[in-house]
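Notes for the structure review
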Amino acid sequence: MKITRILPILVLALGLSACNKPAGELVGALASGPTGDADPYGMRFIRKGAFLMGANDQSVVFAQSDNNVMVTVNAFWMDETEITNSEYRQFVNWVRDSIAYGLLIADEGADSEYAIKPKYEREDEQVLINWNKKIPWEKRFNPEEPVFEALAPMFYDGGYGGLRTSLLRYNYSWRNIDEAVSRANRFSVTTGKFPAGSTVRVDSFWVEDDEIHSATIERPLREPKDLTTNAIICVYPDTLVWARDFEFAYNDPLLYGYFNMPSYSDYPVVGVTWEQAHAFCHWRTHLLRTKGRQMLNQYRLPTEAEWEYAARGGRRAAMYPWGDKYARDSEGCFMANFKPYRGSYHDDTGVATMAVGEFKPNDFGLFDMAGNVAEWTASSFSSTSNAYIHDMNPEFPYIARKDDPAILKRKVVKGGSWKDISYYLQCGVRSYEYQGESRSYIGFRCVRSAMGD
């Protein structure tokens, strides 16, 4: 009996001796969590580096924003192509299915085969979805099937019509970093509290009478959870952009088929607002974590500096992603999908958008960093931001609240699109769009910060 009690002590002593870490000394503590991220699927590693940020050529409008600054960015992962219709459709289908599961569970109760039985059967315990039980969509057309009545609210005409895409809403929340880093809200390590009278200003979303409502509220800051803000976003892309963006043009075939037809699955998704792209990044993080994958850094939109650095492919002053200062290669072929001549869209082999990856990648292995569709970034737009941004991981972040003026709701858009002339394809050229607007020529791709170097 005495031997069994002494043995663990001997093993511990031998372990300390072997590691040369004597007891009573500062030897450090082990940290828990993942030691590194596995290579994210469909992404390219962008090594850390420095580059000359800003337009290479003189601006067509002589804007002050074209000041060049040398900056450094840390390593990160970036999608090798723009998010496609197929990939965004996975998001839309997940939201659709989660709503359907909720209706089926509400119809049958917690004992439903679509629910995971509560572990402790407490009244406040959340009922989880049994994703392994597939939804019998084919039975929803039969009025005699129980699923017909349960799923009827998702469809027009009492269940007989098409899907009500306006009901595909994604509800999520996050910590508001803008408010957290405010000097007025600085946490005191002396008192162990936030300053007396400190408040936070966040958006609050709710659904009432089948309509999404939102308002900017101000509440006291007493603990970290008070920094949480939420959003409810309709996730279905605006297919009407093909008609709205171009008056006196017949784009109806794209309006009706671009997002849903299989032939467009590998084309970049468009008609997506900055807010929808932000929600997609949150969902993509959530999806990976529900599969038991450990990750430290979340998926997000790239900062303007990250996007531009990645577009240059490691070349400090590259004008275009392919490294040259011309839009053609040595054989006279165009290097991207854009508008080469007045009224001529087809000379680069495309008319509107094209399937992703049709042109050669840049030196980082990224496709379509110029042309095809312009891309949302996380950065807010200011015509003078290059004059005061930091030279290490520069960023101008601001998630505008509902009651903010329109000028604060502008986001930087990079890369140029199928409808733009070659000037907008330059790595350093920037434009903007309002975060709640959707266009037939703006898409996005995600990034994820790399752990360590």
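Here the structure is shown first, and the text comes after it.
All figures in this text were calculated on a predicted structure; none of them were measured in a lab. (Residues numbered from 1 in each chain as written. Predicted model: local features only at pLDDT ≥ 70, side-chain atom pairs only at ≥ 80, totals over all residues. Heavy atoms only, no water.)

**Focus on the packing of aromatic side chains**
Defined as follows: The pairing test for Phe, Tyr and Trp rings, Trp by its six-membered ring, is centres within 6.5 Å, and the orientation test on the planes gives stacked under 30 degrees, edge-to-face over 60, and tilted for anything in between. A 1.4 Å probe rolled over the protein chains alone gives each residue an accessible area, and that area as a share of the maximum for its type sets the label: buried under 20%, exposed over 50%, partly exposed in between. Cation placement over rings: the criterion is NZ of Lys or CZ of Arg within 6 Å of the ring centroid and within 35° of the ring normal.
Under the definition given, this model contains 32 aromatic pairs. Taking the centre distance of 5.4 Å and the plane angle of 80° together, the rings of Phe-334 and Phe-338 count as edge-to-face. The residues Phe-334 and Phe-338 share a single accessibility class, namely buried. Ring geometry for Tyr-423 and Tyr-424: centres 5.1 Å apart, planes at 85°, overall edge-to-face. A cation over a ring is seen here: Arg-140 above Phe-155, with NZ or CZ 3.5 Å from the ring centre.

**Section: the packing of helix H2 (residues 85–108) against helix H7 (residues 274–290)**
Test applied: An axis is simply a line fitted to the C-alpha atoms; with a helix, the fit covers only the stretch in contact. Between two such axes, the angle follows the N-to-C directions and lies from 0 to 180 degrees. A run of H or I in DSSP counts as a helix once it spans at least four residues, and a run of E counts as a strand once it spans at least two, with each numbered from the N terminus. In what follows, roughly perpendicular refers to angles from 65 to 115 degrees, roughly parallel to angles under 35, roughly antiparallel to angles over 145, and oblique to any angle outside these ranges. Residue contacts follow a heavy-atom distance rule, with two residues in contact if any of their heavy atoms lie within 4.5 Å.
Interhelical geometry of H2 versus H7 gives an angle of 75° and a closest axis separation of 11 Å. One way to sum up the angle between H2 and H7 is to call them roughly perpendicular. Where H2 approaches H7, its residues Glu-87, Tyr-88, Gln-90, Phe-91 and Trp-94 are matched on the opposing element by Gln-276, Ala-279, Phe-280, Trp-283, His-286 and Leu-287.

**A short note on the pattern of salt bridges**
Where charged atoms from two side chains of opposite charge approach closely, those side chains can pair. Our working rule: Within this document, salt bridges are pairs made up of a side-chain nitrogen of Lys or Arg and a carboxyl oxygen of Asp or Glu, the two lying within 4 Å of each other.
Scanning all chains against the criterion turns up 22 salt bridges. Here Asp-403 and Arg-201 are joined by a salt bridge, their closest N and O atoms 3.0 Å apart. Pair noted here: Asp-403 is in the loop between strand S12 (374–380) and strand S13 (410–414) and Arg-201 is in strand S8 (residues 199–208), with a separation of 202 residues, a long-range link. Among the residues examined, Asp-403 registers a relative accessible area of 48% and is labelled partly exposed.

**Overview of the pairing of strand S10 (residues 228–234)**
Applied cut-off: Only when DSSP finds a minimum of two bridges between them are two strands counted as paired.
The buried fraction of S10 is high, at 5 of 7 residues. In the sheet, strand S7 (residues 169–175) pairs with S10 via 7 bridges, with the strands oriented antiparallel. For Asn-171, the partnering residue across the bridge sits in S10 and is Ile-232.

**Focus on the sheet that holds S12**
Reading across from one edge, S14-S13-S12-S15 is the order of the 4 strands in this open sheet, with mixed pairing throughout. Strand pairing shows two members of the sheet lacking a second neighbour, strand S14 (430–434) and strand S15 (442–443), which therefore form its edges. Where S12 lies against S15, 2 bridges are found, and the strand directions are parallel. Note that in S15 the partner of Ala-374 across the bridge is Ile-442.

**Notes on the environment of Gly-416**
Summarising the element assignment, Gly-416 is placed in the loop between S13 and S14. Residue classification places Gly-416 among the buried residues on the basis of a relative accessible area of 6%. Distance in space between the C-alpha atoms of Gly-416 and Cys-427 is 9.2 Å, their sequence separation being 11 residues. Discounting chain neighbours no more than four positions away, the residues touching Gly-416 are Gly-371, Val-373, Ala-374, Tyr-424 and Leu-425.

**Examining the environment of Asp-368**
The topology assignment puts Asp-368 in the loop between helix H8 (304–312) and S12. For Asp-368, a relative accessible area of 8% translates into the label buried. In this structure the C-alpha to C-alpha distance between Asp-368 and Glu-358, which are 10 residues apart in sequence, comes to 8.1 Å. Setting aside anything within four residues of it in sequence, one finds Asp-368 in contact with Glu-82, Val-356, Gly-357, Phe-359, Glu-375 and Arg-445.

**With respect to the sheet that holds strand S1 (residues 43–46)**
Hydrogen bonds between backbone atoms are what pair the strands of a sheet, whose relative direction is either parallel or antiparallel. One open sheet holds the 4 strands; their spatial order is S1-S4-S16-S11, and the pairing between them is antiparallel. Of all strands in the sheet, those bounded by a partner on one side alone are S1 and strand S11 (299–300). The pairing of S1 with strand S4 (residues 76–79) spans 4 bridges and is classified as antiparallel. If you follow Met-43 over to S4, its bridge partner there is Asp-79. Across the face of the sheet, H8 comes into contact with S1, S4, S11 and strand S16 (447–449) while running at roughly 75° to S4.

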